[in-house]
Amino acid sequence: MECFHFKEFFQSRKSREPFACDPRLGLTRSFKFCRVNLPIHVRVRDLIGRLTLQEKIRLLVNNAAAVPRLGIQGYEWWSEALHGVSNVGPGTKFGGAFPGATAFPQVITTAASFNESLWEEIGRVVSDEARAMYNGGMAGLTYWSPNVNVFRDPRWGRGQETPGEDPVLAGKYAASYVRGLQGNNGIRLKVAASCKHYTAYDLDNWNGVDRYHFNARVSKQDLEDTYNVPFKSCVVEGKVASVMCSYNQVNGKPTCADPYLLKNTIRGEWGLSGYIVSDCDSVGVLFDTQHYTATPEEAAAATIRAGLDLDCGPFLAIHTENAVRGGLLKEEDVNMALANTITVQMRLGMFDGEPSAQPFGNLGPRDVCTPAHQQLALHAARQGIVLLQNRGRTLPLSRTLQTVAVIGPNSDVTVTMIGNYAGVACGYTTPLQGIRRYAKTVHHPGCNDVFCNGNQQFNAAEIAARHADATVLVMGLDQSIEAEFRDRKGLLLPGYQQELVSRVARASRGPTILVLMSGGPIDVSFAKNDPRIGAILWVGYPGQAGGAAIADVLFGTANPGGKLPMTWYPHNYLAKVPMTNMGMRADPSRGYPGRTYRFYKGPVVFPFGHGMSFTTFAHSLVQAPREVSVPLASLHVSRNTTGASNAIRVSHANCEALALGVHIDVKNTGDMDGTHTLLVFSSPPGGKWSTQKQLIGFEKVHLVTGSQQRVKIDVHVCKHLSVVDRFGIRRIPIGEHDLFIGDLKHSISLQANLEEIKS
């Protein structure tokens, strides 16, 4: 892979100036907030006590103003690191000693790896590079990533940023990536992550409805068991430093002005130790666009009282003082917001004086785009590639092939491979360049771009395929089709792409492989059913090393192990599901089919969790319980716990006693080494509960051919075998639950234990 050769040291500056508490300033020595040996809450209280109301208010926005009399510099809170350090936000810039940063695959691709350790490792590398750039004065330390919204509708232009449609998968991704970014140094933070966009946000612009005007009508059931699950995991499991509230309203209230969602749920129930930030200009949007309050001062007061701590945008800086003067808001409310933001800054070391003397202070240009980081980007791309179909073992291709025709609008792309919210990559290997490492190539794009508005170039593409030993078509989408502000209109390949694929496959002398580059699913039923198309790969947006990873899979250097993190629906599915309908569950009386694999039972092109390998794997169940007694917290609750629903409230069960171990042997029964993704689903008893399965766990196992490994999956009854009723209450149904482990099925019977449990 091509890469930049960084200088060993900063070009013009030796180190970043201290954000505050510069040891060279005698002024700061007497300030209690500069004393590193004091508890952070004591330092925060001291600092806030020294600020005037006007100074406080200028700290409530992303471009926080300096306080020169206290030796505090201005700070830009808005930086992004979705899948690598990005320059989307104003807090990060590239240039000088930092011309680029490692561009990992887009999140939807990395999610397809179902590999928690990989997600955490990517986070660790991204935060290394972020700290290095901060030390060089080119980036901040607060990153508004990851996006953990559930990929509810296949048209959503930002689905590519998410870990997919399953809330458990999204939650595990969120916690892992956040741990990687923030580090494990106790109260200290390497960088501060932010999980977004809370909540029920997954529409940008569809049929005249945009995210600024949309009121998401969500049931308590769907909010509890789908939309809020990844955010809860982010806070409770990942210990994230921040949550971002969204533009839309939920049930008539803007999320950034809803005390139930912010103060009660994020900070109260989940215990957020950090700050809540608005999506950019969303405080202005709830006043100017949604007309939620009569005056701007009321809007400022409503958001801060609801629990908002920081405004991405100028609104709070302009209107908060008048809100306080007018009695709509107390200065104490402003102090509480500042305590949350300043605490995070102190946990980052921003009030500890000289940056170079702090942890991570030695990171610099030599720690960005390192060979190891770029190798991890390649490794991640390989793990995220999904083999959708492999007719007659078309793949892997023989390395003795003389020529390969490489065709399609995405066959020689660079920036397309890194998707949105990306930065400047260290360098690129395009699909064409990757394939050239294995064979002589004949290249023809077939279309000028992914819109593929004409078929004038198809003859040349057919000729190329006719004279090659194999043909690789690299088709799909890019940010002109799916992006922020841009939801898709359909699920088919754009323009004449389908015709190009079919004509080239018909003309091809050798095997034909279709490679799809996209964030969202594509209805490629035509290709799935075309006997002349031997194999289909989905590669998502595979990052800077995407072309190398694609070629490694095509020629068998890497054995694909990715699984789809979202359902691939047929195109006609869309006619039955307006994007504005937030309901997850099917409603047959209205012809509403439901959403995602958990609730939709209709035909699919490829199902959630689908993904093939060049080898084969066999599973055998070694150990799993058949009957489990659910102990209650006390006899008092038992009288009201089961009843007609025949289900126990999770809050009434003794959950600590309900951790089960399921042991499975996995064997590689094929003729090639490979990595297997073991997915485990559960299904509750029949009756009023949904009969659809729900992902409860997954494990990656690398096995050389002929070898076997034992895998233990932890099943927590309260978490994995519970369901949410229509009132939003999580319950454990009594009766027979089914576990689906690969091709195995195992039943566990849950019984209620009404004996009193002594605490």
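Residues numbered from 1 in each chain as written. Predicted model: local features only at pLDDT ≥ 70, side-chain atom pairs only at ≥ 80, totals over all residues. Heavy atoms only, no water.

- An unreviewed UniProt entry lists the chain under the name Beta-D-xylosidase, with Populus alba x Populus x berolinensis given as the organism.
- UniProt lists a comment for the chain under the heading Subcellular location (unreviewed entry), and it reads "Secreted". (UniProt positions renumbered as here; feature names shortened; annotations may be inferred.)

## What about the overall build of the chain?
Step number 1: If you tally the helices and strands in the chain, you get 21 helices and 27 strands.
Step number 2: The C-alpha radius of gyration of the chain comes to 27 Å, within 12% of the 27 Å expected for a compact globule of 759 residues.
Step number 3: Projected onto its principal axes, the C-alpha coordinates of the chain cover approximately 80 × 75 × 50 Å.
Step number 4: A total of 759 residues make up the chain; the buried ones form 64% of that total.
Step number 5: Considering only intrachain contacts with a sequence separation of at least 6, the fraction spanning at least 24 residues in the chain is 77%.
Step number 6: For the chain, the exposed surface amounts to about 27600 Å²; the carbon and sulfur share of it is 50%.
Step number 7: One finds the centroid of the 76 positive side-chain charges in the chain at a distance of 2 Å from the centroid of its 66 negative side-chain charges. (Helix = DSSP H or I, 4+ residues; strand = E, 2+ residues; numbered from the N terminus. Rg over C-alpha atoms; globule rule 2.2 N^0.38 Å. Buried < 20%, exposed > 50% of the residue type's maximum accessible area, 1.4 Å probe, protein only. Contact = heavy atoms within 4.5 Å. Areas by Shrake-Rupley, 256 points an atom, 1.4 Å probe, with all protein chains shown as cover. Lys, Arg positive; Asp, Glu negative; His and termini not counted. Charge placed at Lys NZ, Arg CZ, Asp CG, Glu CD.)

## Points about the state of the cysteines
Two cysteines, two sulfur atoms, one covalent bond between them: this is a disulfide.
Step number 1: The tally for this structure, following the rule as stated, stands at seven disulfides.
Step number 2: With a sulfur-sulfur separation of 1.6 Å, C195 is cross-linked through a disulfide to C234. Here the residue C195 occupies a position in strand 3 (residues 195-198), and C234 occupies one in helix 7 (residues 229-236), the gap between them amounting to 39 residues.
Step number 3: Classification of C234 by relative accessible area gives buried; the value is 0%.
Step number 4: The side chain of C369 participates in a disulfide bridge whose partner is C426; the two sulfur atoms lie 1.9 Å from each other. The S-S bond linking C369 to C426 shows a torsion near -85°; that makes this disulfide left-handed. Within this pair, whereas C369 is found in the loop between helix 12 (331-347) and helix 13 (371-384), its partner C426 is found in the loop between strand 12 (403-407) and helix 14 (431-436), the two being separated by 57 residues in sequence. With respect to burial, C369 and C426 carry one shared label: buried. (Disulfide = S-S within 2.5 Å.)

## What to know about the pattern of salt bridges
Step number 1: Across all of its chains, the model carries 35 salt bridges by this definition.
Step number 2: Linking K56 and E331 is a salt bridge whose minimum nitrogen-to-oxygen distance equals 2.7 Å. In this pair, K56 is assigned in helix 2 (residues 53-57) and E331 in helix 12, connecting sequence segments 275 residues apart.
Step number 3: You can call K56 buried: its relative accessible area is 5%.
Step number 4: One network of salt bridges, with partners in common, ties together R158, E161, D204, R211 and E484. (Salt bridge = Lys/Arg side-chain N within 4 Å of Asp/Glu carboxyl O.)

## Notes on the pairing of strand 20 (residues 659-668)
Step number 1: Buried residues dominate strand 20, accounting for eight of its ten residues.
Step number 2: Note that strand 17 (residues 617-623) and strand 20 share six bridges and pair antiparallel. The residue of strand 20 that forms the bridge with Q623 is H663.
Step number 3: Sheet topology places strand 20 next to strand 23 (residues 708-716); nine bridges connect them, and they run antiparallel. The partner of A659 across the bridge, within strand 23, is H716. (Pairing = 2+ DSSP bridges.)

## Examining the packing of aromatic side chains
Step number 1: In this structure the tally under the stated criterion is 26 aromatic pairs.
Step number 2: Taking the centre distance of 5.2 Å and the plane angle of 20° together, the rings of F31 and F33 count as stacked. Per residue, the accessibility class of F31 equals that of F33, and both read buried.
Step number 3: Put simply, the rings of F114, W119, Y173, Y177, Y597, F608, F681 and F698 touch in pairs and so form one group of aromatic residues.
Step number 4: Above the ring of Y592, the side-chain terminus of R590 is found at 5.5 Å from the ring centroid. (Phe/Tyr/Trp six-rings, centres within 6.5 Å; stacked < 30°, edge-to-face > 60°. Lys NZ or Arg CZ within 6 Å of the ring centre and 35° of its normal.)

## Observations regarding the side chain of R488
Step number 1: Residue position: R488 is located in the loop between strand 14 (470-476) and helix 16 (497-507).
Step number 2: Although R488 is buried, it makes no salt bridge; E482 carries the closest opposite charge, 4.2 Å away.
Step number 3: A distance of 3.4 Å separates a polar atom in the side chain of R488 from the backbone oxygen of G490.
Step number 4: At 2.8 Å, the side chain of R488 and the backbone oxygen of P521 are in polar contact. (Polar contact = N/O pair within 3.5 Å; in protein donor to acceptor, adjacent residues only side chain to side chain.)

## A look at the nonpolar core
Proteins that are soluble and globular tend to have nonpolar side chains buried together.
Step number 1: Judged by nonpolar contacts, the single largest core of 213 residues is most densely connected at F33, F351, L516, V524, W538, L554 and W568.
Step number 2: Among the elements that make up this core, the one with the highest residue count is helix 4 (residues 116-135) (nine residues).
Step number 3: Setting aside residues up to four positions removed in sequence, L554 forms contacts with L395, P396, L397, I435, V472, I513 and L537.
Step number 4: Within the second largest apolar cluster, 30 residues are counted, among which are L658, V701, C718 and L750. (Core = buried A, V, L, I, M, F, W, Y, C linked by side-chain atoms within 4.5 Å.)

## Considering the packing of helix 1 (residues 40-50) against helix 12
Step number 1: The contact between helix 1 and helix 12 brings their axes to 9 Å, and the two run at 125°. Between helix 1 and helix 12, the crossing angle belongs to the class labelled oblique. Considering the relative orientation of helix 1 and helix 12, their crossing is right-handed. Facing I40, R43, V44, L47 and I48 of helix 1, the residues of helix 12 in contact are N335, L338, A339, I342, T343, M346 and R347.
Step number 2: In terms of residue class, the contact of helix 1 with helix 12 is built from eight nonpolar, two polar and two charged. (Axes fitted to C-alpha atoms, helices over the stretch in contact; angles between N-to-C directions. Parallel < 35°, antiparallel > 145°, perpendicular 65-115°, else oblique. Left-handed = near helix turned anticlockwise from the far one by under 90°. Nonpolar A, V, L, I, M, F, W, Y, C, P; charged D, E, K, R; others polar.)

## Focus: the sheet that holds strand 27 (residues 744-753)
Step number 1: Taking strand neighbours across the sheet as the criterion, the five strands line up as 18-27-26-21-22 in an open arrangement whose pairing is mixed. Two strands bound the open sheet, and with one partner strand each, they are strand 18 (627-631) and strand 22 (694-703). Sheet twist, expressed as the mean angle between neighbouring strand axes with direction ignored, is 25°.
Step number 2: One ladder, built from seven bridges, connects strand 26 (residues 735-741) with strand 27; its direction is antiparallel. Across the sheet, F740 pairs through a bridge with K745, a residue of strand 27.

## Some words on the sheet that holds strand 20
Step number 1: Ordered in space as 17-20-23, the three strands form an open sheet in which the pairing is antiparallel. In this open sheet, the two edge strands, each paired with only one partner strand, are strand 17 and strand 23. On average, each strand axis in the sheet is inclined to that of its neighbour by 30°, with strand direction left out of account.

## Some details on the confidence of the model for the chain
Step number 1: Summarising the model, the chain shows a mean pLDDT of 94, and 95% of its residues fall at 70 or more.
Step number 2: Overall, residues 1-14 carries pLDDT values under 50, and its contacts beyond four positions in sequence, including any with other chains, amount to 39 contacts. (pLDDT = per-residue confidence, 0-100.)

## Here's the deal with helix 1
Structurally, the α-helix is built with 3.6 residues per turn, so residues lying three or four positions apart point the same way.
Step number 1: Taken residue by residue, helix 1 has I40, V42, R43, V44, D46, L47 and I48 as its buried positions.
Step number 2: Where helix 1 is buried, its residues contact helix 2 and helix 12.

## Remarks on the environment of T142
Step number 1: Considering the arrangement of structural elements, one finds T142 in the loop between helix 4 and helix 5 (167-182).
Step number 2: The exposure class assigned to T142 is buried, which follows from its relative accessible area of 0%.
Step number 3: In this structure the side chain of T142 is engaged in a polar contact, spanning 2.7 Å, whose partner is the side chain of Y75.

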